[in-house]
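Residues per chain, in single letters:
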Amino acid sequence: MKKLNALLIMSLLLILSSCSSDDDDNNGKVSNTTKDLVSITEDYYTNNTPTASSKFNFYYDKLINIQHSNGSYDDIYYERGLISRILEFDANNNLEWTITYAYNSFNQLIQKKVIPSPNNPITVSRQKDFVYNGNVIQSENSWSDGGFHANTITLNSDNFMIEDKLFNSDNDLVDQRLFEYVNNNLTKQTKNNADNNTTYEETYNYLNKTSSKEYRYSQYLFGSEWKNNSALNTQFGLGQQRATKISENYVSDYHAYHFVLNVSVTGTFSYEFDANDYILKQTETITRTSTADIYKTVTTYQYE
């Protein structure tokens, strides 16, 4: 899935958006204007030079299409109000990938398949299966070429993921991720190796401003269990991408450190809102100690 991987590398985040009229922390301001989100456009820059862009198109709160600046695009379909299928096409309208989703009667994601088309040079398909048992989610990830790994995910009383253990095909622990929350905001995650030594850490800070449905629109794609479904969809979400999808407030900044590579990353956000508190623009700036390059993602929002 090269297009999606490229987006993750360039932006670390596909989905961010606005502040709704019924927010409970808007200094008492109540909007009497209702707007419908039409699109979110992300423009990517390296050292102020444009590198790529993606446009996410919506219809009645549902993401229905993604257009990429290289001419490729994704079409998205729903059943029972939940994402059921994504078709990814190249710039010549050739189908490259088909992604399918299945859910149980509680709207919990139980299966995701990623299938290459016959004309795709990549021939390996992937399947992820999820089993729920109280506050534990068991996941099995298998590839058509024989690859396999499993995850055991533990939830807290608020149904947030607090631990994610990765095991190989011999059932040996590979690594462990731990997540901490304050006021429904992810504030820290760490990654430990099999010897329980921390190899990676990220921390997050937030604005004193509750996010809106546009900012967290995954709830309109993945239903009542959207927080865990969206996290499972993105391979349990790494770092800032996960924070912005499930946290209660707008992210203000995040800081990451890779202990093995001795590399740190800092990301900062700025926002622009209109008079009715709808978000107009978000700018994310990323700096790394390993390079002098500055990466930026400018996200703009269109309503009707």
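As a convention, each chain's residues are numbered from 1 in the sequence order in which they are written. Local features are withheld for residues below a pLDDT of 70 in this predicted model, meaning they are given only at 70 or higher, and side-chain atom pairs are given and counted only at 80 or more; totals for whole chains, interfaces and linings count all residues. Excluded from the side-chain calculations are hydrogens and water; all other atoms, namely the structure's heavy atoms, are used.

Draft legend 1. View of the overall build of the protein. When you go through the protein residue by residue, the secondary structure sums to four helices and 18 strands. Exposed residues in this analysis have more than 50% of their type's maximum accessible area, buried residues have under 20%, and partly exposed residues fall in between, with area computed by a 1.4 Å probe over protein chains only. Sorting the 304 residues of the protein into buried and exposed places 48% on the buried side. By definition, residues are in contact when any of their heavy atoms lie within 4.5 Å. The long-range share in the protein, meaning contacts at least 24 apart out of those at least 6 apart in sequence, stands at 43%. Here the protein displays about 14,300 Å² of accessible surface, and carbon together with sulfur accounts for 48% of that area. A run of H or I in DSSP becomes a helix once it reaches four residues, and a run of E becomes a strand once it reaches two; helices and strands are each numbered from the N terminus. Per-residue and other accessible areas follow the Shrake-Rupley method at a 1.4 Å probe size, with only the shown protein chains counted as cover for residues.

Draft legend 2. Broad picture of the pattern of salt bridges. Here a salt bridge means any side-chain nitrogen of Lys or Arg lying within 4 Å of a carboxyl oxygen belonging to Asp or Glu. Using the criterion set out here, one finds six salt bridges in the structure. Salt-bridge contacts for Lys191 lead to Asp175; the nearest nitrogen and oxygen are separated by 3.7 Å. Remark: Asp175 occurs in strand β12 (residues 173-182) and Lys191 occurs in strand β13 (residues 185-193); sequence separation between them is 16 residues. Among the residues examined, Asp175 registers a relative accessible area of 11% and is labelled buried. Here Glu248 and Arg216 are joined by a salt bridge, their closest N and O atoms 3.6 Å apart. Of this pair, Glu248 sits in the loop between α4 (240-246) and β15 (249-258) while Arg216 sits in the loop between β14 (198-210) and α2 (219-222); the two residues are 32 residues apart in sequence, bridging distant segments of the chain. What makes Arg216 buried here is its relative accessible area of 11%.

Draft legend 3. Quick look at the pairing of β15. Within β15, seven of the 10 residues are buried, which leaves the element mostly enclosed by the surrounding structure. Pairing of β15 with strand β16 (residues 263-273), which is carried by six bridges, proceeds in the antiparallel orientation. Residue pairing in the sheet places Tyr254 in a bridge with Gly267 of β16. Following β15, the chain reverses through four residues before pairing antiparallel with β16; Asn262 in that reversal takes a positive phi of roughly 55 degrees. Here, any two strands with at least 2 DSSP bridges between them count as paired.

Keep in mind these values describe shape, not function.
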